[in-house]
Amino acid sequence: MQNEAPCHTACSIKAFLSEQNIPLLDWPGNIPDMNPIENVWELMKREVAKDVITNKTLLLERSVESSSSNAGESTVLY
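The following paragraphs examine the structure supplied in this document. (Residues numbered from 1 in each chain as written. Predicted model: local features only at pLDDT ≥ 70, side-chain atom pairs only at ≥ 80, totals over all residues. Heavy atoms only, no water.)

In this section: unusual backbone geometry. Although it is not a glycine, Asn-21 adopts a positive phi angle of roughly 55°. On the basis of relative accessibility, which here comes to 66%, the residue Asn-21 falls in the exposed class. (Buried < 20%, exposed > 50% of the residue type's maximum accessible area, 1.4 Å probe, protein only.)

Structure representation (structure tokens):
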């Protein structure tokens, strides 16, 4: 999936994907409901926000715990 972000539209990236025969799907940018990873980020944000985070290490630890606990969920947020 490629949106129109500069890192996706660079000539070198397009050439590499073409050489590797990787098909591209057009994907609208900035539409969170259609981008599955945005649902994951929202779940993680909610879980991490439940705790008081005082440093980067704690944030990282809590983020990893949150992603692990939500790994099996098939929740779709709207």
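A word on the pattern of salt bridges. In the structure shown here, the tally under the stated rule is six salt bridges. Arg-62 serves as the salt-bridge partner of Glu-47, at 3.5 Å between the closest nitrogen and oxygen. You can see Glu-47 sitting in helix 3 (residues 36-49) and its partner Arg-62 sitting in helix 4 (residues 56-69), a full 15 residues away along the chain. A relative accessible area of 13% means that Arg-62 is categorised as buried. It is possible to trace a salt-bridge network through shared partners that takes in Glu-47, Lys-50, Asp-51, Arg-62 and Glu-65. (Salt bridge = Lys/Arg side-chain N within 4 Å of Asp/Glu carboxyl O. Helix = DSSP H or I, 4+ residues; strand = E, 2+ residues; numbered from the N terminus.)

Structurally, the position occupied by Ser-63 is in helix 4. Excluding anything up to four places from it in sequence, Ser-63 contacts Met-44 and Val-48. (Contact = heavy atoms within 4.5 Å.)

On the secondary structure map, Leu-59 appears in helix 4. Taking the C-alpha atoms as reference points, Leu-59 and Ala-49, ten residues apart in sequence, are found 9.8 Å from one another. Excluding residues within four positions of it along the chain, Leu-59 makes contact with Val-48 and Ile-53.

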